[in-house]
Amino acid sequence: MMLSVRDLSVSFRTGGRVVDGIDFDLPAGGSLGIVGESGSGKSMTSLAVMSLLPAGATRTGSIVFDGVDLATLTERAMRAIRGDRIAMVFQDPLSSLNPYYTVGTQIAEAYRSHRAGVSRSAARKAAIEAMERVHIREAGRRVDDYPHQFSGGMRQRVMIAMALITEPELIIADEPTTALDVTVQAQILDLLAEVRRDTGAALVLITHDLAVVSEVADRVVVMRRGRVVETGAAEQIFSDPKHEYTRALLDAVPRIDDEIGELRTTELGTTGGDR
Amino acid sequence: MSIEPLLRARDLVKEFPVAGTAGLLVPAKKFTAVDSVSFDLYAGHTLALVGESGSGKSTTARLAARLIDVTSGTVHLDGRDITALHGRDLQGVRREVQMVFQDPFSSLNPRHTVERIVTAPLVYQKRPVPGGTRRFAQSLMERVGLDPEHVDRYPSQFSGGQAQRIGIARAIAVGPRVLVCDEAVSALDVSVQAQIINLLRGLQSEEGFACLFIAHDLAVVRQIATSVAVMTDGKVVEAGERDDVFDRPQHEYTRKLLAAVPRIRPEWEAARQRNARERETAR
């Protein structure tokens with residue numbers, strides 16, 4: 001396995017356990033979808049894997065990436081892996097980009113910080129190439145534009161360009177299309193699929209959107225209240241869900257192809273509240 | 001249809017000045033957010049305005065609800081021209097047209113109790129509260145599926161879905177004939193979203209209000225709309241009965257929009273339904 005997570009927990013001194021002893025595996029080149037509603041712990045899981053947890057959070061358990069337990073690494077050692085062999089794409093590209101630097105500078109810096117001895121001009125050339133690979137038109141000109149000069153979808157392309165420039169083995173994408181319009185979302189999902197096809201990178205996709213997961217992932221982890229309720233091949237999860245919660249979650253998804261009358265919402269443990 | 005529409009919008013146009021383009025003697029450049037939009041909304045029906053960000057759907061809803069003034073065009077409510085009403089006359093419109101917003105928390109005053117929030121529209125309109133504010137608030141809470149015991153709680157003591165129920169209770173408190181829902185279920189988790197959709201459908205069949213439903217999620221629209229208008233760049237590019245628009249889209253943009261929606265693979269979905277039925281019968 002490229003990534004093996006065992007008994008991972010995240011707790012806060014004040015808020016208790018938000019991730020509670022979860023396990024999952026991802027083979028090289030595979031794609032894993034982690035789905036759940038708000039409060040399920042899915043985003044904390046991805047931050048825990050990257051060692052990017054907010055202050056006050058404690059992590060236990062092991063995160064074995066290519067034979068090395070990331071949980072045992074120093075921040076310095078982790079920094080060498082993060083953004084190089086493991087890349088990240090977040091929901092909001094605008095807050096992940098620095099408004100004061102051109103996108104080209106930022107992509108090039110991401111590259112140079114992991115490739116000692118690469119000259120500025122070579123890094124700039126690599127940045128333009130990366131922008132071309134994510135289909136940003138006139139990359140040679142747009143490399144000198146600032147983040148605000150790009151649309152939301154284009155900014156997400158910039159983030160993906162930055163993620164793939166180091167040719168990572170693993171991309172962790174946390175709600176990468178949630179803030180985007182549906183037509184742009186489709187383009188970004190296609191782009192992620194294309195990047196994976198071309199580079200062989202594995203993908204962890206964290207999302208609340210079951211339909212997106214069904215289009216992207218070959219394995220699925222369903223989370224609820226910090227725990228994994230069900231895990232399996234995407235086909236099994238979507239066609240023959242074993243756990244009541246997974247069934248209820250799938251029942252609640254509105255279908256675009258048909259009106260399904262009263263949407264079924266039982267069994268979600270919502271008695272006494274909506275949570 | 002021979003029945004008169006409850007809400008009739010004709011050639012709505014809304015222009016906004018572009019910030020920073022005004023000079024001392026030159027007026028600011030204009031951005032046309034809504035460009036000649038017309039629609040009819042009938043009692044007991046739900047018209048969904050769908051589109052992506054910047055399509056003008058929310059601005060259209062605000063024009064129709066008379067929250068903002070039109071640049072040109074007309075809005076008729078039950079045959080009466082409400083386009084240019086102001087002040088006291090507009091209060092009459094507020095009695096008939098109510099809004100439910102996307103973010104339940106930012107649209108509820110955090111320092112007010114549920115009782116005060118849901119009875120506020122009646123109080124502002126200086127109307128008597130039937131049976132006293134407490135009993136009225138509790139009956140509203142029951143109708144939207146909240147525990148009437150929680151009438152003295154504050155918004156922060158509720159979950160997102162419950163807070164949206166409070167927003168809906170406030171909207172139906174005045175017995176509106178038109179309910180404008182602006183992305184009312186967009187911020188909610190899927191299970192909660194389903195509950196709110198069910199609630200809105202149930203209330204509509206009880207009360208018979210017309211609903212103008214603004215949404216970007218086409219799957220949600222399929223569950224709730226009677227008819228659909230698709231907007232892009234401030235214009236309606238396609239409008240019709242829901243199933244016609246979804247099953248036989250005529251406009252290129254509608255097709256593109258429908259094709260882009262992520263779907264659970266139909267064969268997986270069919271297998272899941274089959275398995276669920278088998279489990280049912282095995283019981």
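Computed from a predicted structure; not experimentally measured.

## Considering the overall build of chain B
Step number 1: What chain B contains, in helices and strands, is 10 helices and 10 strands.
Step number 2: In terms of overall size, chain B behaves like a compact globule, its C-alpha atoms giving a radius of gyration of 21 Å where 283 residues would be expected to give roughly 19 Å.
Step number 3: By its C-alpha atoms, chain B is 75 × 55 × 45 Å across when sized along the principal axes.
Step number 4: Evaluated residue by residue, chain B yields a buried proportion of 39% over its 283 residues.
Step number 5: Counting contacts in chain B only where the partners sit at least 6 residues apart, residues at least 24 apart contribute 67% of the total.

## Topic: the overall build of chain A
Step number 1: Of regular secondary structure, chain A possesses 11 helices and 10 strands.
Step number 2: For chain A, the C-alpha radius of gyration of 19 Å lies close to 19 Å, the compact-globule estimate for 275 residues.
Step number 3: For the C-alpha atoms alone, the extent of chain A along its principal axes is close to 60 × 45 × 35 Å.
Step number 4: Here chain A holds 275 residues, and 47% of them are scored as buried.
Step number 5: At a minimum sequence separation of 6, the contacts of chain A that also span at least 24 residues come to 63%.

## Quick word on the domain arrangement of chain A
Residues and elements named next belong to chain A.
Step number 1: Under the domain assignment used here, chain A contains domain 1 (1-85 + 169-181 + 201-275) and domain 2 (91-165).
Step number 2: Just the C-alpha atoms count here: the centres of domain 1 and domain 2 sit 28 Å apart.
Step number 3: Among the residues making up the side of domain 1 that touches domain 2, the classes are represented as four nonpolar, two polar and three charged.

## Notes on the interface of chain B and chain A
Step number 1: Contacts between chain B and chain A engage 32 residues on the former and 37 residues on the latter.
Step number 2: Class assignment for the residues of the side of chain B that touches chain A results in 14 nonpolar, 11 polar and seven charged.

## Focus: helix α6 (residues 190-207) of chain B
Step number 1: An ideal rise of 1.5 Å per residue puts 26 Å on 18 residues; α6 of chain B measures up with 25 Å between its terminal C-alpha atoms.
Step number 2: Burial in α6 of chain B covers these residues: Val190, Ser191, Val192, Gln193, Ala194, Gln195, Ile196, Ile197 and Leu200 of chain B.
Step number 3: Of the surrounding secondary structure, the elements contacted by the buried residues of α6 of chain B are α11 (244-252) of chain A together with α5 (160-172) and α7 (218-224) of chain B.

## Section: the environment of Ser36 of chain B
All names here are of chain B.
Step number 1: Looking at the secondary structure, you find Ser36 in strand β2 (residues 30-41).
Step number 2: Here the alpha-carbon distance between Ser36 and Thr71, two residues 35 residues apart in the chain, equals 10 Å.
Step number 3: With residues near it in sequence (within four places) discarded, Ser36 still touches Asp11, Val13 and Lys235.

## Points about the environment of Ser51 of chain A
All names here are of chain A.
Step number 1: Examined against the element boundaries, Ser51 turns out to sit in the loop between α1 (42-49) and β4 (57-65).
Step number 2: On the basis of neighbour count, Ser51 is assigned to the partly exposed category, with 18 C-beta atoms found within 10 Å.
Step number 3: Residues in contact with Ser51, not counting those within four places in the same chain, are Leu70 and Met78.

## Side note on the packing of α5 of chain B against α6 of chain B
Residue and element names in this part refer to chain B.
Step number 1: Where α5 meets α6, the axes come as close as 10 Å, and the angle between the chain directions of the two elements is 15°. Taken together, the axis directions place α5 and α6 in an arrangement best described as roughly parallel. Crossing of α5 against α6: the hand is right-handed. Contacts from Gly160, Gly161, Gln164, Arg165, Ile168 and Ile172 in α5 reach Val192, Gln195, Ile196, Leu199, Leu203 and Glu207 in α6.
Step number 2: Partitioned by chemical class, the residues of the contact of α5 with α6 number six nonpolar, four polar and two charged.

## Focus on the packing of helix α4 (residues 103-112) of chain A against helix α7 (residues 152-164) of chain A
Residue and element names in this part refer to chain A.
Step number 1: Packing of α4 against α7 brings their axes to within 8 Å, and their N-to-C directions diverge by 25°. In terms of their interaxial angle, α4 and α7 are classed as roughly parallel. In the packing of α4 onto α7, the handedness of the crossing is right-handed. On α7, the residues that touch Val103, Gln106, Ile107 and Ala110 of α4 are Val158, Ala161 and Met162.
Step number 2: Here the contact of α4 with α7 is built from residues that sort into six nonpolar, one polar and no charged.

## Considerations on unusual backbone geometry
All names here are of chain B.
Step number 1: In this structure, Asp11 takes a positive phi of about 50° despite not being glycine.
Step number 2: With respect to the element layout, Asp11 can be found in strand β1 (residues 7-17).
Step number 3: For Asp11, a count of 13 C-beta atoms within 10 Å puts it in the partly exposed group.
Step number 4: Phi angles above zero are rare outside glycine, and Lys126 is one such case at about 55°.
Step number 5: Tracing the chain through its elements places Lys126 in the loop between α3 (114-124) and α4 (133-143).

## Quick word on the sheet that holds strand β5 (residues 80-81) of chain B
Residue and element names in this part refer to chain B.
Step number 1: Here we have four strands laid out as an open sheet, ordered β2-β1-β4-β5, and antiparallel in their pairing. Across the chains shown, the open sheet's two edge strands, defined by having one partner strand only, are β2 and β5.
Step number 2: In terms of strand pairing, β1 meets strand β4 (residues 72-77) through five bridges, oriented antiparallel. Paired with Leu7 across the strands is Leu77, a residue of β4.

## Looking at the pairing of strand β7 (residues 178-182) of chain B
Residues and elements named next belong to chain B.
Step number 1: Counting buried residues in β7 gives five out of five residues, a clear majority hidden from the surface.
Step number 2: With four bridges joining them, strand β6 (residues 97-100) and β7 adopt parallel strand pairing. Residue Met99 lies in a different strand from β7, and its bridge partner there is Val180.
Step number 3: Pairing geometry for β7 and strand β8 (residues 210-215), over five bridges, is parallel. Considered in β8, the bridge of Val178 is made with Ala210.
Step number 4: Handedness of the β-α-β unit built from β7, α6 and β8 comes out right-handed.

## Description of the nonpolar core
Step number 1: Ala127 of chain A together with Leu212 of chain B are the most contacted members of the largest nonpolar core, which has 159 residues in total.
Step number 2: It is α7 of chain A that provides the largest number of residues to this core, a total of eight residues.
Step number 3: For Leu212 of chain B, the contacting residues outside a window of four places in its chain are Leu41, Leu47, Leu49, Ala61, Ala64, Val178 and Val180 of chain B.

## Here we look at the sheet that holds strand β10 (residues 227-233) of chain A
All names here are of chain A.
Step number 1: Reading across the sheet, the six strands line up as β6-β7-β8-β3-β9-β10 and stay open at both edges, with mixed pairing between neighbours. Strands at the two margins of the open sheet, each flanked by one partner only, are β6 (86-89) and β10. Averaged over all pairs of adjacent strands, the angle between strand axes in this sheet comes to 15°, irrespective of strand direction.
Step number 2: Direction of pairing for strand β9 (residues 219-224) relative to β10: antiparallel, over a ladder of six bridges. From the neighbouring strand, Arg219 faces β10, where its bridge partner is Ala233.

Cut-off values and rules
- All residue numbers refer to positions counted from 1 along the written sequence of the respective chain.
- Following the order in which they are written, the chains are lettered starting with A and the ligands numbered starting with 1.
- Whole-chain, interface and lining totals are the exception, using all residues; otherwise, since this is a predicted model, local features are given only for residues with pLDDT of at least 70 and side-chain atom pairs are given and counted only at 80 or more.
- The numbering of helices and of strands both runs from the N terminus, where a helix is a DSSP run of H or I of at least 4 residues and a strand a run of E of at least 2.
- In this setup the radius of gyration rests on C-alpha atoms only. A globule is expected at 2.2 Å times the number of residues raised to 0.38.
- Whether a residue is buried, exposed or partly exposed follows from its count of other C-beta atoms within 10 Å of its own C-beta, namely 20 or more, 12 or fewer, or something in between, respectively; the C-beta atoms are built from the backbone.
- Residues are scored as being in contact if the C-beta atoms we place from backbone atoms lie within 7 Å.
- Where each domain starts and ends follows an automatic or database-derived domain assignment.
- All amino acids are sorted into three groups, where Ala, Val, Leu, Ile, Met, Phe, Trp, Tyr, Cys and Pro are nonpolar, Asp, Glu, Lys and Arg are charged, and the leftover types, Gly among them, are polar.
- Expected helix span is computed as 1.5 Å times (number of residues minus one).
- Between N-to-C directions, angles cover 0 to 180 degrees, with each direction set by a line fitted to C-alpha atoms, over the stretch in contact for helices.
- Put simply, angles under 35 degrees are roughly parallel, angles over 145 are roughly antiparallel, angles from 65 to 115 are roughly perpendicular, and the rest are oblique.
- Here is the rule for handedness: rotate from the far helix to the near one, and if that takes an anticlockwise turn smaller than a right angle the crossing is left-handed, while a clockwise turn gives right-handed.
- Note: two strands are recorded as paired if DSSP finds a minimum of 2 bridges between them.
- The crossover handedness rule: strands pointing away from the viewer, path from first strand over the helix to second strand clockwise, crossover right-handed.
- We call a set of buried Ala, Val, Leu, Ile, Met, Phe, Trp, Tyr and Cys residues a nonpolar core when their C-beta atoms link them within 7 Å.

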